[in-house]
Amino acid sequence: MTFHIDLEETTSGGRYIYRDGDNPEAEMTFSKAGEKLMIIDHTGVPEFYRGQGVGLKLVERAIADVRAAGKKIIPLCPFAHAQFKRHPEWEDVWSGHKKDS
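Computed from a prediction, not measured in an experiment: that's the story for all the values here.

**Some points on the nonpolar core**
- One finds Tyr16, Met38, Leu58, Ile73 and Phe84 to be the most contacted residues of the largest nonpolar core, which totals 23 residues.
- Contributions of two or more residues to this core are made by β2 (13-18), β3 (26-32), β4 (37-44), α1 (54-69) and α2 (78-86).
- When residues in this core are grouped by element, the largest group, six residues, is from α1.
- Leave out the neighbours within four places in its chain, and Leu58 touches Ile5, Tyr16, Ile17, Tyr18, Ala26, Glu27, Met28 and Thr43.

**Examining the sheet that holds β4**
- Strand order across the open sheet formed by five strands is β1-β2-β3-β4-β5, with mixed pairing between neighbours. Of all the strands in the sheet, just β1 (5-9) and β5 (72-75) have a single pairing partner and so form its edges. Sheet twist, expressed as the mean angle between neighbouring strand axes with direction ignored, is 25 degrees.
- Here β1 pairs with β2 via five bridges, running antiparallel. Opposite Glu9, over in β2, you have Gly14 as the bridge partner.
- Sheet strands in contact with α1 are β1, β2, β3, β4 and β5, and its direction is about 135 degrees off that of β2.

**Brief notes about the packing of aromatic side chains**
- Tallied over the entire structure, the rule returns five aromatic pairs.
- Ring centres 5.3 Å apart and planes at 80 degrees place the aromatic pair Tyr18 and Tyr49 in the edge-to-face group. With Tyr18 in strand β2 and Tyr49 in the loop between β4 and α1, the pair connects residues that are 31 residues apart, well separated along the chain. The pair Tyr18 / Tyr49 is uniform in exposure class, with both members buried.
- Taken together, the ring pairs connect Tyr18, Phe48 and Tyr49 into an aromatic cluster.

Procedures and definitions
- Residues numbered from 1 in each chain as written.
- Predicted model: local features only at pLDDT ≥ 70, side-chain atom pairs only at ≥ 80, totals over all residues.
- Heavy atoms only, no water.
- Core = buried A, V, L, I, M, F, W, Y, C linked by side-chain atoms within 4.5 Å.
- Buried < 20%, exposed > 50% of the residue type's maximum accessible area, 1.4 Å probe, protein only.
- Helix = DSSP H or I, 4+ residues; strand = E, 2+ residues; numbered from the N terminus.
- Contact = heavy atoms within 4.5 Å.
- Pairing = 2+ DSSP bridges.
- Axes fitted to C-alpha atoms, helices over the stretch in contact; angles between N-to-C directions.
- Phe/Tyr/Trp six-rings, centres within 6.5 Å; stacked < 30°, edge-to-face > 60°.

Below you can see the structure in the form of structure tokens.
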């Protein structure tokens, strides 16, 4: 499965979106807290995509963007938070994590 994820962004937040033709879209929304912090607040993956790794790909896209921009993430969304716990290689962008000092 090929994943193409789009970013829609405003001055205060935005969302990452996965679309596959006429099927429902999956999204991960975020808010901005200043210039250097993203707060992931929601991940919504329709049942149609469950088990295909779409939610993880949404988080991974945010990780790549934030890392490239020298920013950090607060994963308030339960799904995103669980993914951060499973991926210690993301600690460098996890704001508030015990190793973030």
